[in-house]
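# An overview of the molecular structure
Below are the chains, spelled out letter by letter.
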Amino acid sequence: MTKCRRRRLHLSNIYAFKGRKSSFQEDHSHIGGPGFSRVVYCNEPNSPAAERRNYTGNYVRSTKYTPASFIPKSLFEQFRRVANFYFLVTGILSLTSLSPYSPISALLPLTFVIAASMVKEAIEDWGRKKQDIEMNNRKVKVHDGNGKFRREGWRNLKVGDIVIQNSTDPPSKRSRIERKMDKIIYLMFGVVFLMSFIGSIVFGIETREDRVRNGGRTERWYLRPDEADIFFDPDRAPMAAIYHFFTAVMLYSYFIPISLYVSIEIVKVLQSVFINNDILMYYEENDKPAHARTSNLNEELGMVDTILSDKTGTLTCNSMEFIKCSIAGTAYGRGITEVERSMAMRSNGSNLVGEDLDVVVDQSGPKIKGFNFQDERVMKGNWVKQRDAAVLQKFFRLLAVCHTAIPETDEATGSVSYEAESPDEAAFVVAAREFGFEFFSRTQNGISFRELDLASGKTVERVYRLLNVLEFNSARKRMSVIVRDEDGRLLLLSKGADNVMFERLAKNGRKFEEKTREHVNEYADAGLRTLILAYREVDENEYIEFSKNFNEAKNSVTADRESLIDEITDQMERNLILLGATAVEDKLQNGVPDCIDKLAQAGIKIWVLTGDKMETAINIGFACSLLRQEMKQIIINLETPHIKALEKAGGKDEIEQASRESVVKQMEEGKALLTASRSASSHEAFALIIDGKSLTYALEDDFKKKFLDLATGCASVICCRSSPKQKALVTRLVKSGTGKTTLAIGDGANDVGMLQEADIGVGISGVEGMQAVMSSDIAIAQFRYLERLLLVHGHWCYSRISSMICYFFYKNITFGVTVFLYEAYTSFSAQPAYNDWFLSLFNVFFSSLPVIALGVFDQDVSARYCYKFPLLYQEGVQNLLFSWKRIIGWMFNGVFTALAIFFLCKESLKHQIYNPNGKTAGREILGGTMYTCVVWVVNLQMALAISYFTWLQHIVIWGSVAFWYIFLMIYGAIAPSFSTDAYKVFIEALAPAPSYWLTTLFVMFFALIPFFVFKSVQMRFFPGYHQMIQWIRYEGHSNDPEFVEMVRQRSIRPTTVGFTARRAASVRRSGRFHDQLNKNFIAF
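Every value quoted in this text rests on a predicted model; they were computed, and no experiment measured them. Counting restarts for each chain, with residues numbered from 1 along the sequence as it is written. Given that the model is predicted, a residue must reach a pLDDT of at least 70 before its local features are reported, and side-chain atom pairs must reach 80 or more before they are shown or counted; all residues, however, enter totals for whole chains, interfaces and linings. Only hydrogens and water are removed before side-chain values are computed, so all heavy atoms of the structure are retained for them.

## Digging into a nonpolar patch on the surface
Here is the rule we go by: For patches, a residue must show more than 30% relative accessible area and have no salt bridge; joins then use 9 Å for like charges and 5 Å for nonpolar side chains, namely Val, Leu, Ile, Met, Phe, Trp and Tyr. Note on areas: Shrake-Rupley, 1.4 Å probe, and residue coverage restricted to the protein chains presented here. Throughout this description, the term salt bridge denotes a Lys or Arg side-chain nitrogen within 4 Å of a carboxyl oxygen of Asp or Glu. Note on conventions: DSSP H or I runs of at least 4 residues are helices, E runs of at least 2 residues are strands, and numbering of each starts at the N terminus.
A cluster of nonpolar side chains, L944, F1002, F1005, F1006, I1009, F1012, V1013, V1017, F1021 and F1022, forms an exposed patch at the surface whose accessible area comes to about 1000 Å². Among the elements that line the nonpolar patch, the one with the most residues is helix α34 (residues 994-1021), at 8 residues.

Right under this line is the structure:
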């Protein structure tokens, strides 16, 4: 007979939402779906019942590859790139007789490029693996079932333990430049196929007509048509043309830069190294450097049009401090918040501190984390002297009891610290302790705390039996506990958002409602996060009925399970008696207003997506300069009397319809304001502020375009009371609707969807864990580092990558067109102009290192000027440096350069006797001369394109040219069976001939003159913004304040945000703005 084991009561029983064993059998297929729960055996993760459910583990993996999948998956990633696949096909074709060059010369460079890319992928993935190892080996405290906690590795946690972590596969992101680069590759494919097609037709015609024109004899006897199976055979000209097409496709493959992708990847990795090691983005306090978790999006950092930011922990510190409270209608707390200081400045210095200014504030004593409260009326036990001491006692008891925090007592000092689910929760229990109500112990069914007894005046220990915890969630917006005190009374203690708590008050529980509402509004105006505290006594029979119904609802497996639970808890959390309100401050991070101001000057739009109430978000917006006094606020909410009346009357469908119509109407009215302002050529700036309820309807498919049109016309957008899903949906709407680059930044798990949805996700390594960082593309420690990340590193990366790609296509078109022209010169006979290894190594050794150095080290302007002239950033937002105009311009430059090289070399060597023996220049001499000119010209072109020379760039540019000569001598010294027509060509033919050196010199000069003239004219008469800034440096105007300010005026926009815009608006109001602006432009 098997003995039934009675389950012990575990710590998790403090949660009333604990899943119990349900009545259904082993069919769990619906679990996790709508209306169904997940069966969890709390604190018994190894029980047979739990093991049968085959729960997933807690191992976190953010890597892209595993040891088993690396080679196949990485090869797939490499050959999904169209250029690499093309070279794979041409490499295979090189094994056939169609190939114009040897197979090894085609396959070896491809192998090198693919291997280098795979090594880069492995290095980056190993970095992610190390971060995963660090995360999985972190220690957390897990309850062992005996009222104690043990330290356990993160990876070893199981379903049923108190702490659970989820990981999701990161989305695959590609930059806009890389996607556009694919289009250029396709364009080049089209050019290659068109050239091959035209050449094949000409070749077929020439082959057919060869014998006809010469009366049966072949004119091109040197091609040995009689020995050819198909090629050059006049009797089989159509097939010869078809075969020529495939040969030409291989020959013209040098139009496509084989080393483009691997060079860009190398550059991006090195750029990421600079970002990671930038000391100016290192947060010493937490030992947190910047960390580019992927290098694929570096250039996107210079193209950001819209930033979507979380507030708590991102703009603010997420280090909550209990600073004020309202108890029994009396406001306590004398602290001044940053928002209040900002408000005082907006109201010309008016004092916004509350009443009772004669109260003495004691600022002595050490700083207590989470507690910044100053008011002697309630500190040090003085609360007992207050008129409503009994209410204050209930208020402080609620703070000490209504939570899920875990206490830790230092055995050496006896001091108590707390581990809480959120910084708010920790601040509340710390505040209770400082008021004299010290929570010090939690058991499976009880909470112990010390308090000052009103009757005896001594500190006593009290134990409340904990029956249920009704947890906080984003839908309930409140948390409650049901406890039994030492007198046997049943108490419901509750705290929650004001918009759900005030409506739950009993008629006899509203004594302090008016004053409390007034104080809550004041606290919200001061940028504080508020909660309402209330309680009621519960009848025994009522609790028995509640417990029965609640357990039945929890064990239900019907589709309406969640609604049943909500209904039961909703009935219990009513008829409450108001005690007061708490106010905690989440301070702005250092440098946030300055950073926002600089980003705004750069033309970047900033949206804030927060779960805070509207008043709090608005005032934080003022504090960080997202909003200013002159802005017209377009506020969209559902706080109208009509909607409130419908909510009280019920009728879900009627409420939804009325809400939808109200939101649409408000959006249309806001759009009308924007249109009227534009038509009047007004400088007015608008801010859109919308709450979560309204956002639900604004994001519907029928109305989201209207919402986006309205939002993009405003200088600032603040979405309040937003859920994590809404944050992700707004991000998706902005990204897809505008077609511009979006950046999302956040610090918590509720920001993960937003970070993954945006083009770039930036995680703040703050106090809310590592989920945001693990899901991000780049991690930084403080919001203020975004300024340097975007304006400096972002601009540099965008400028470098853009110039690098343009140059790559320039040099390959230059090289490829010379190959094409030579083949055309030889009647499209598929004869390459250069030796096989000359062809293969051009992109790998003789022209790649300078372009890599350009991508890593070049600076069109210095970091100091990036800060001084933030409008420079708009070059990336508008994609001016990688526009089709600029790309095509570089391509035409390559075509002209190739024409100059080919015809000048051909004509200069055409009728010359090249050596004393009377030998004329053959293919090897013409090809060697042309190749030398190509190497010199493309490297000199690089020297002209560089804005910022370093010693390393000098080494790679002149070293590439020198390496060509060294290679030519070494390769030419190898036996002719390997070096073929390059055997001693430099030593015996090229170097001794003065015409070789003179031709090289003349071609260099002639080929580069057009670019030099074009850049000089552009720089002098049609400068871009970065060129204007370069002139400031070159002409010595950097210390001329008038000239610098004149250029900077172009970066100040009347409708933007930030304190600079606030100052500009003040100047405009004084009437001096336009005069000054006109004076500056006249001087310019």
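## Overview of the sheet that holds strand β10 (residues 446-452)
For clarity, the cut-off: When DSSP locates at least two bridges between a pair of strands, those strands are taken to pair. To get an axis, a line is fitted to the C-alpha atoms, and for a helix only the part in contact is used. The angle between two axes follows their N-to-C directions and goes from 0 to 180 degrees.
Across the sheet, 9 strands lie side by side as β6-β5-β15-β14-β13-β12-β11-β10-β9; this open sheet has antiparallel pairing. A strand with exactly one partner marks an edge of an open sheet, and here the two such strands are β6 (330-332) and β9 (438-442). Strand-to-strand, the axes of this sheet are offset by a mean angle of 25 degrees, without reference to chain direction. Relative to strand β15 (residues 577-585), strand β14 (residues 529-538) is paired through 7 bridges, and the arrangement is antiparallel. If you follow R529 over to β15, its bridge partner there is V584.

## Focus on the UniProt feature "transmembrane region" (unreviewed entry) in the chain
As a reminder of what qualifies: UniProt positions are given in the numbering used here, feature names are shortened, and annotations may be inferred rather than shown by experiment.
Following the UniProt record, one finds the feature "transmembrane region" (unreviewed entry) at residues 184-205, 241-262, 808-825, 837-857, 887-905, 925-948, 955-974 and 994-1014. Secondary structure within residues 241-262 divides into 64% helix and 0% strand; the distance between the first and last C-alpha atoms comes to 35 Å. The span residues 955-974 carries 90% helix and 0% strand; its end-to-end C-alpha distance comes to 27 Å.

## Side note on the nonpolar core
Put simply, the rule is: By nonpolar core is meant a set of buried Ala, Val, Leu, Ile, Met, Phe, Trp, Tyr and Cys residues that side-chain atoms within 4.5 Å join together. Each residue gets one of three labels from its accessible area relative to the maximum for its type: buried under 20%, exposed over 50%, partly exposed in between, using a 1.4 Å probe on protein chains only. Between two residues, a contact is recorded if the distance between any of their heavy atoms is within 4.5 Å.
Counting residues in hydrophobic clusters, the biggest one holds 111 residues, and the most contacted among them are I185, Y834, F838, Y931 and W964. Top element by residues in this core is helix α24 (residues 785-825). It accounts for 15 residues. In contact with F838, not counting residues within four places along its chain, are F815, Y931, W964, F967, L968, Y971 and A982. Within the second largest apolar cluster, 73 residues are counted, among which are C325, F440, V483 and F550.

## Quick look at helix α13 (residues 540-555)
Convention followed: Each residue after the first adds 1.5 Å to the expected span of a helix. Of all possible arcs, the one meant is that of the directions from the helix axis to the C-beta atoms.
Helix length check: α13 (16 residues) gives 23 Å between terminal C-alpha atoms against 22 Å at 1.5 Å per residue, within 8%. All of the buried residues in α13 are Y543, F546, F550, A553 and K554. Each buried residue of α13 sits inside an arc of 95 degrees when the element is viewed along its axis, so together they form one side. Structural note: α13 exposes N541 and I544 on the side pointing more than 90 degrees away from its buried face. Each element contacted by the buried residues of α13 is listed here: β11 (459-470), β12 (478-484), β13 (490-496), β14 and α14 (561-572).

## Side note on the sheet that holds strand β22 (residues 778-780)
Strand order in this open sheet of 9 strands is β3-β22-β21-β20-β4-β16-β19-β18-β17, and the pairing throughout is mixed. Bordering the open sheet on either side are β3 (291-292) and β17 (632-636), each of which pairs with just one other strand. Of the pairings in the sheet, the one linking strand β4 (residues 304-309) to strand β16 (residues 605-609) comprises 4 bridges and is parallel in character. Each bridged residue has a counterpart across the sheet, and for T306 the counterpart in β16 is K605.

## Observations regarding a negative patch on the surface
The line we're drawing: Working convention for charge: Lys and Arg count positive, Asp and Glu count negative, and His plus the chain ends are omitted. Note on charges: their place is set at NZ of Lys, CZ of Arg, CG of Asp or CD of Glu.
On the surface, a cluster of negative charge is made up of E514, E518, E522, D525 and E615. Counting residues per element, the negative patch draws most heavily on helix α12 (residues 513-525), which supplies 4 residues. The residue E514 is located in helix α12 in this model. Here E514 falls in the exposed class, since its relative accessible area comes to 67%.

## Quick word on the side chain of Q953
The following threshold applies: Identification of polar contacts relies on pairs of N or O atoms within 3.5 Å, with a donor-acceptor requirement for protein atoms, meaning one able to donate a hydrogen and the other able to accept it, and with residues adjacent in sequence counted only if both atoms are side-chain atoms.
Assignment of secondary structure puts Q953 in helix α31 (residues 951-972). Within polar-contact distance, the side chain of Q953 engages the backbone nitrogen of T950 at 2.9 Å. Not counting residues within four places of it along the chain, the set of residues in contact with Q953 comprises A853, L854, F857, D858, I946 and Y948.

## Regarding unusual backbone geometry
With phi around 55 degrees, K477 is a residue other than glycine that occupies positive phi space. Topologically, K477 is positioned in the loop between β11 and β12. Assessed through its relative accessible area of 23%, K477 is described here as partly exposed. The backbone phi angle of S827 is positive, close to 55 degrees, even though this residue is not glycine. A residue is classified by how much of its surface remains accessible, and S827, at 16% relative accessible area, is buried.

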